[in-house]
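# Architecture and fold: a report
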Amino acid sequence: MGKGVFLSKALAVTCAVVAVAAAATIIALAVVYAQEKSKNEVKPTSTAPPPIITTTPSTPKEPWDHYRLPESLSPVSYNVTLRPRLKPDANGLYIFTGESAVVFKCVKETDLIIIHSNKLNLTKFDGFLAKLTGLNGATAPNLKKTWLEIPTQFLVLQLSGALKVGDSYELFTDFVGELADDLGGFYRSVYVEDGVDKVIATTQMQPTDARKAFPCFDEPAMKAVFTLTLIHPAGTVALSNSLNHEPVNVTLDGEKSTMTSFHPTKIMSTYLLAFVVCEFTFITNELVAGPKPETLIRIWARRKAIEAGQGDYALEKTGPILKFFEDYYKSPYPLEKSDQIALPDFGAGAMENWGLITYRETALLFNPNVSSNGDKEWVATVIAHELAHMWFGNLVTTRWWNDLWLNEGFATYVSYLGADFAEPSWNMKDLIVLNEVIGVMGTDALASSHPLTSKEEDVQRPEQISELFDSITYSKGGSVLRMLSQFITEEVFSKGLQTYLEEFKYSNAGYTDLWRNLQMAVENSSVVLPASVEVIMNRWILQMGFPVVTINTETGQITQKHFLLDPESVVDRPSEFNYEWFVPVTWIKTGAAEQSLWLVEKEDTNHSMITGADEWLVANIDMKGFYRVNYDDANWERLLAKLNSKHQDIPVINRAQIIDDAFNLARAKIVNTTLALRTTTFLDKEEEYMPWETFRRNLNYYFLMFDRSEVYGPMQAYLKQQVKPLFNHFKNITGNWTKIPEKHTDQYNQVNAISMACSTGVDGCKELTSGWFAEWMNNPAVNKISPNLKYTVYCSAIAAGGEKEWEFAWAAFKNATIASEADKLMSALSCSKQPWLLNRYLEYCLDPKKIRKQDATSTIISIAGNSVGQPLAWDFVRSRWDYIFNEYGGGSFSFGGLISGVTKRFSSEFEYKQLLQFKEANAGNFGSGTAALEQALERTKANMKWVALNKKPVLDWFESQAPAV
């Protein structure tokens, strides 16, 4: 899932406003990535009880008390007919009816049939909930008893005799389900076109919601062939994973309908199924410019969006990205067509359904007149992420969800390769450092983090599965696979993938299977490793966290230690590797050629790392390794001197890395906070995006901790003096803001410059943004604000304004026909400094007619990102938790992000006690947010200690840099 995502994709939950100092378009992008990573917004319908969570550790007594299917039956094929009603029935409910015939083989003798079914009302046949038939001469035992086991989401059939090993049977069910607006399973989405409500029936099966559409063996290893028929209202179109036969007009219950049948799918997992009934239209390149002659590519969306050309960019890039992956995997695209559809209501960023990829509108549609370069990058990377899954995840699938990181981490990494191929001028291979590597290190440096892979027995219940869709899975997964591809070389990495895909196509595999194929590729190359791929990589996936590597340039000594943001936190998760890693260390010395070594023990000595009095050393070149670096004091001083004299001598990614490492080492009490702050003094001469963005993100932590204290004024003054030259630089190169910078990352940095300049009061900035906004208010039909600058301008003007500006932006949001524009306005509305407006906006979040369910949690997080809004959002979440949890889906990924988002400012004993009270008051009612709650408690404790230790030296340092304040 491009969740996500994390989102998650990593990560990684939608358009958070980054307090006071500037939330630029790229921030929205990075946070939305977590959306992609947050694929499963599952969730109970309004009539359903909350998920039942088993709290007792006792072993289940009966097979149906387990959450896993028995291994006695193996599905072969399904024949499913579904009829969604796009109008409510007499009870005001939207429903669908259906029937399913699943053919399965008995592989272990049993007198039980257990199959998933959730929230379906099953028709009885002679008092039983299904019919069983023997095939190919087999005799089916009589049914003895059938029932629905609600806690484990099973349909259970007890038989009067045993099924025979090797025989095949068919199980038939007839059912009714609710076409709810819960974003999970078979659900409904609504949009307005020409003043008329249009209803869509669509799906989101991953991870455990195919069982809400029809009874099925709903586990990733239970692959089968699916033949689907949809009966839908006349005038609508039906889509699914495979190509359709010619639709047939039928009349049912007096209604004119269309019956669309689809070709059988390839052998695939239930979570990759998709079907949509809608009034959309499409654009296609027919069979002309596809990756191979027989591949049909279509982009589906609302009719007006397609007519406005919003699908053109996706169509232009899908073919080349597919072709890139065909070459990368040395494997043809497995299907006949690739449909991609933009949905108005979609809980994740996108979902890699095989042959019918579903997207949020913001992840697929692009309008160059309205959308920013960040929106464009988002579309390219999400498309690349989902297309990467067509092989890695769909053709070869992980056996169980405990290895989810393998699917999502891999797609996260190679999405940057695919996007780089589609847009070679963007430097996407560098931007992965900002979007994934640096971002997830903050989470993975907590004692409450978790390893990439888990034991199968620890991932059983749907909410436990959903909890895995986090930034560790997506971003750390992508980061360590990127590191692996670097130290065995991209060429060898690609060759290992090719044999892996060939060996396991249309089947399932685990991470050890990938290690084995990569090892074969290494052995057939000239690459030399200190141990096997498995031995090296297991240390990165089977234990949480990562090391800080300390280099002493006076002695050549090099050591590693588990890096924790709070060095006093207790790591109670054992590791068979004692939190030591095989670390691929790279470095350059005073600009010379790159060198490398493997650190495989806790410490080692390398004399080539010893420097002279005028030499400097920087390690982890381009941050290809997933670790932080610390140096002896003398080398730190030489690096600082180099940054202030000729910063370009240090590679740009490493300039960003020096800042990020120093700030995080300071938070961990490994270096002084003033050392971290000194790594930013050169920025008044820096014009590149990556160092500035890293500084902005790290300084954001200081704003979170200090924007309610006396540190705020001197800190603002320092930021103002540092950003003023950058603001003037962009003013000059854009001809007084009349042109767009040519370079992709310069466009991002222009946003940073304006955002930080306005928030710190650089002369002319607020007048500039407020003037642009006022001009738009005076002529609402004409918005001349540059698409790249829209969010920053909207946020700045709404923060500086009052009710008039807020109401204008709200009206523009409600009338927006382009999803990316609506997203910018929705996020900017949280920038207001008026408490009553923010409180009203919080109430809007729980009204789906005002804020779509998919956007509710992200909007609350945006409000919490505002220093005025944070306490309001926290009070709101606490008082409405039961309602939010039950109505908006306690099993969904977004709940972890919600808890993290509303508590990130916490740094006092009072706030810590409030958090504990919140935990106690809602015990057992956090679903997929359970781990995030523990991380919030740990993070708050760490913040409390950090503030107590650093408030005075930070204040003194900022005052020394800006004595005029």
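Going by what an unreviewed UniProt entry lists, the protein chain is known as Aminopeptidase and is assigned to Champsocephalus gunnari. Regarding the protein chain, the relevant UniProt record gives this comment under Subcellular location (unreviewed entry): "Cell membrane". Per UniProt, the protein chain carries the Sequence similarities (unreviewed entry) text "Belongs to the peptidase M1 family."

### A few points about the overall build of the protein chain
Of the regular secondary structure elements, the protein chain holds 29 helices and 29 strands. In terms of overall size, the protein chain behaves like a compact globule, its C-alpha atoms giving a radius of gyration of 28 Å where 965 residues would be expected to give roughly 30 Å. Its C-alpha atoms give the protein chain principal-axis dimensions of about 85 × 65 × 60 Å. As displayed, the protein chain has an accessible area near 33,100 Å², and 50% of this comes from carbon and sulfur atoms. In the protein chain, 91 positive and 111 negative side-chain charges are present, and the distance between their average locations comes to 2 Å.

### Here we look at helix α6 (residues 404-422)
In a regular helix each residue adds 1.5 Å, so 19 residues correspond to 27 Å; α6 covers 27 Å between its end C-alpha atoms and thus fits that length. Along α6, the sharpest kink reaches roughly 25°, centred on Val 414. In terms of burial, α6 is a largely internal element, 18 of the 19 residues being buried.

### Side note on the packing of aromatic side chains
Using the criterion set out here, one finds 67 aromatic pairs in the structure. Against the face of Phe 282 rests Arg 298, its NZ or CZ located 5.5 Å from the ring centre. The cationic tip of Arg 880 hangs over the ring face of Tyr 883; the distance from NZ or CZ to the ring centre is 6.0 Å.

### A word on the pairing of strand β6 (residues 143-149)
Here β6 runs beside strand β7 (residues 154-163); their pairing, made up of 6 bridges, is antiparallel. Paired with Trp 147 across the two strands is Val 156, which belongs to β7. Two successive antiparallel strands, β6 and β7, enclose a turn made up of 4 residues, where Gln 153 displays a positive phi of approximately 60°.

### Brief notes about the state of the cysteines
Summed over all chains, the structure comprises 2 disulfides. The disulfide partner of Cys 758 is Cys 765, and the S-S distance across this bridge is 2.1 Å. Classification of the bridge connecting Cys 758 and Cys 765 rests on its S-S torsion, roughly -90°, and on that basis the disulfide is left-handed. The buried category is assigned to Cys 758, whose relative accessible area is 4%. Given a relative accessible area of 0%, Cys 765 falls into the buried group.

### Focus on the side chain of Arg 360
Secondary-structure assignment places Arg 360 in strand β20 (residues 356-360). A polar contact of 2.8 Å, which involves the side chain of Arg 360, links it to the backbone oxygen of Gln 854.

### Focus: the layout of surface pockets
Considered as a void within the structure, the second largest pocket measures approximately 1,200 Å³ in volume. Around the second largest pocket, the lining is made up of 42 residues, and of these Val 190, Tyr 191, Val 192, Pro 344 and Arg 852 lie nearest the centre. Of all the secondary-structure elements, those providing two or more residues to the lining of the second largest pocket are β9 (185-193), β10 (196-204), α2 (303-307), α4 (361-364), α21 (803-815), α22 (819-828) and α24 (853-864). Looking at the lining of the second largest pocket residue by residue, the classes come out as 18 nonpolar, 7 polar and 17 charged.

### Notes on the UniProt feature "domain: Peptidase M1 membrane alanine aminopeptidase" (unreviewed entry) in the protein chain
Look at the UniProt record and you will see "domain: Peptidase M1 membrane alanine aminopeptidase" (unreviewed entry) annotated at residues 313-540. In this annotation, residues 313-540 is assigned 59% helix and 9% strand; the end-to-end C-alpha distance for the span is 38 Å.

### Concerning the pattern of salt bridges
Scanning the entire structure with this criterion turns up 55 salt bridges. With a shortest N-O distance of 3.3 Å, Arg 303 and Asp 194 are connected by a salt bridge. Linking Arg 303 in helix α2 with Asp 194 in the loop between β9 and β10, this pair joins segments that are 109 residues apart in sequence. Among the residues examined, Arg 303 registers a relative accessible area of 29% and is labelled partly exposed. Owing to a relative accessible area of 54%, Asp 194 belongs among the exposed residues under this scheme.

### Points about the nonpolar core
Ranked by internal contacts, the top residues of the largest apolar core, which has 314 residues, are Trp 515 and Tyr 702. For Trp 515, the contacting residues outside a window of four places in its chain are Trp 405, Leu 481, Leu 484, Val 533, Glu 534, Met 537, Asn 538 and Ile 541.

### Some thoughts on the packing of α6 against helix α7 (residues 428-444)
α7 packs onto α6 with a crossing angle of 145° between their chain directions and a minimal axis gap of 9 Å. Considering the relative orientation of α6 and α7, their crossing is right-handed. Contacts between α6 and α7 involve Thr 412, Tyr 413, Tyr 416, Leu 417, Ala 419 and Asp 420 from the former and Met 428, Lys 429, Leu 431, Ile 432, Asn 435 and Glu 436 from the latter. Along the lines of polarity and charge, the residues of the contact of α6 with α7 split into 7 nonpolar, 2 polar and 3 charged.

### Some details on empty space enclosed by the protein
Put simply, the second largest cavity is a space of about 80 Å³. Lining the second largest cavity are 13 residues, and of these Phe 226, Thr 227, Leu 228, Ser 240 and Leu 273 sit closest to its centre. Among the elements that take part in the lining of the second largest cavity, strand β11 (residues 225-233) stands out by supplying 3 residues, more than any other. Class assignment for the residues of the lining of the second largest cavity results in 7 nonpolar, 6 polar and no charged.

### Some remarks on the environment of Gln 750
Mapped onto the elements, Gln 750 comes out in helix α18 (residues 744-760). Along the primary structure Gln 750 and Phe 730 are separated by 20 residues, whereas in three dimensions their C-alpha atoms are 6.2 Å apart. Every residue in contact with Gln 750, bar those within four places of it in the chain, is listed here: Phe 730, Thr 734, Trp 737, Lys 739, Pro 741 and Leu 789.

### Concerning the environment of Phe 727
Within the secondary structure, Phe 727 sits in helix α17 (residues 712-733). Given a relative accessible area of 3%, Phe 727 falls into the buried group. Separated by 31 residues in the primary sequence, Phe 727 and Cys 758 have C-alpha atoms spaced 9.7 Å apart. The contact partners of Phe 727, leaving out residues within four places of it in the chain, are Trp 737, Ala 753, Ile 754, Ala 757, Val 762, Asp 763 and Cys 765.

### Some remarks on the sheet that holds β6
The strand order across the open sheet formed by 3 strands is β3-β7-β6, and the pairing between neighbours is antiparallel. Because the sheet does not close on itself, it has two edges, and the strands there are β3 (110-116) and β6. For this sheet, the mean inter-axis angle between neighbouring strands, taken without regard to orientation, is 20°.

### What to know about the pairing of β11
Summarising the sheet, strand β1 (residues 73-84) and β11 pair through 6 bridges and their orientation is parallel. Across the sheet, Ser 77 pairs through a bridge with Val 225, a residue of β11.

### Quick look at the sheet that holds strand β23 (residues 547-551)
As summarised here, the arrangement of the 4 strands in space is β27-β24-β23-β29, forming an open sheet in which the pairing is mixed. Looking at which strands have only one partner, the edges of the open sheet turn out to be β27 (603-605) and β29 (628-631). Ignoring which end each strand starts from, the neighbouring axes of this sheet average 20° apart. Judged from the 3 bridges that link them, strand β24 (residues 557-562) and β27 form a sheet pairing that is antiparallel. The residue of β27 that forms the bridge with Thr 559 is Glu 603. Each of β23 and β29 touches helix α14 (residues 652-667); the most contacted strand, β29, lies at about 80° to it.

### With respect to the packing of helix α10 (residues 490-504) against helix α11 (residues 511-523)
For the pair α10 and α11, the least separation of the axes is 8 Å and the interaxial angle reads 130°. Between α10 and α11, the crossing angle belongs to the class labelled oblique. Crossing of α10 against α11: the hand is right-handed. Here α10 contributes Val 492, Phe 493, Lys 495, Gly 496, Leu 497, Thr 499, Tyr 500, Glu 503 and Phe 504 to the contact with α11, which in turn contributes Asp 513, Leu 514, Arg 516, Asn 517, Leu 518, Met 520, Ala 521 and Val 522.

### With respect to the side chain of His 744
Examined against the element boundaries, His 744 turns out to sit in helix α18. For His 744, the side chain forms a polar contact with the side chain of Glu 377, separated by 2.7 Å. Beyond its immediate sequence surroundings of up to four residues, His 744 is in contact with Asn 373, Glu 377, Trp 426 and Leu 431.

Conventions and cut-offs
- Residues numbered from 1 in each chain as written.
- Predicted model: local features only at pLDDT ≥ 70, side-chain atom pairs only at ≥ 80, totals over all residues.
- Heavy atoms only, no water.
- UniProt positions renumbered as here; feature names shortened; annotations may be inferred.
- Helix = DSSP H or I, 4+ residues; strand = E, 2+ residues; numbered from the N terminus.
- Rg over C-alpha atoms; globule rule 2.2 N^0.38 Å.
- Areas by Shrake-Rupley, 256 points an atom, 1.4 Å probe, with all protein chains shown as cover.
- Lys, Arg positive; Asp, Glu negative; His and termini not counted.
- Charge placed at Lys NZ, Arg CZ, Asp CG, Glu CD.
- Expected span 1.5 Å × (residues − 1).
- Bend = angle between axes of the 7 residues up to and from the residue.
- Buried < 20%, exposed > 50% of the residue type's maximum accessible area, 1.4 Å probe, protein only.
- Phe/Tyr/Trp six-rings, centres within 6.5 Å; stacked < 30°, edge-to-face > 60°.
- Lys NZ or Arg CZ within 6 Å of the ring centre and 35° of its normal.
- Pairing = 2+ DSSP bridges.
- Disulfide = S-S within 2.5 Å.
- Polar contact = N/O pair within 3.5 Å; in protein donor to acceptor, adjacent residues only side chain to side chain.
- 1 Å grid on protein atoms, 1.4 Å probe; cavity = no way out; pocket = protein on both sides within 12 Å on 5 of 7 lines; lining within 4 Å.
- Points joined across faces, edges and corners; volume = space filled by probe spheres on them.
- Nonpolar A, V, L, I, M, F, W, Y, C, P; charged D, E, K, R; others polar.
- Salt bridge = Lys/Arg side-chain N within 4 Å of Asp/Glu carboxyl O.
- Core = buried A, V, L, I, M, F, W, Y, C linked by side-chain atoms within 4.5 Å.
- Contact = heavy atoms within 4.5 Å.
- Axes fitted to C-alpha atoms, helices over the stretch in contact; angles between N-to-C directions.
- Left-handed = near helix turned anticlockwise from the far one by under 90°.
- Parallel < 35°, antiparallel > 145°, perpendicular 65-115°, else oblique.

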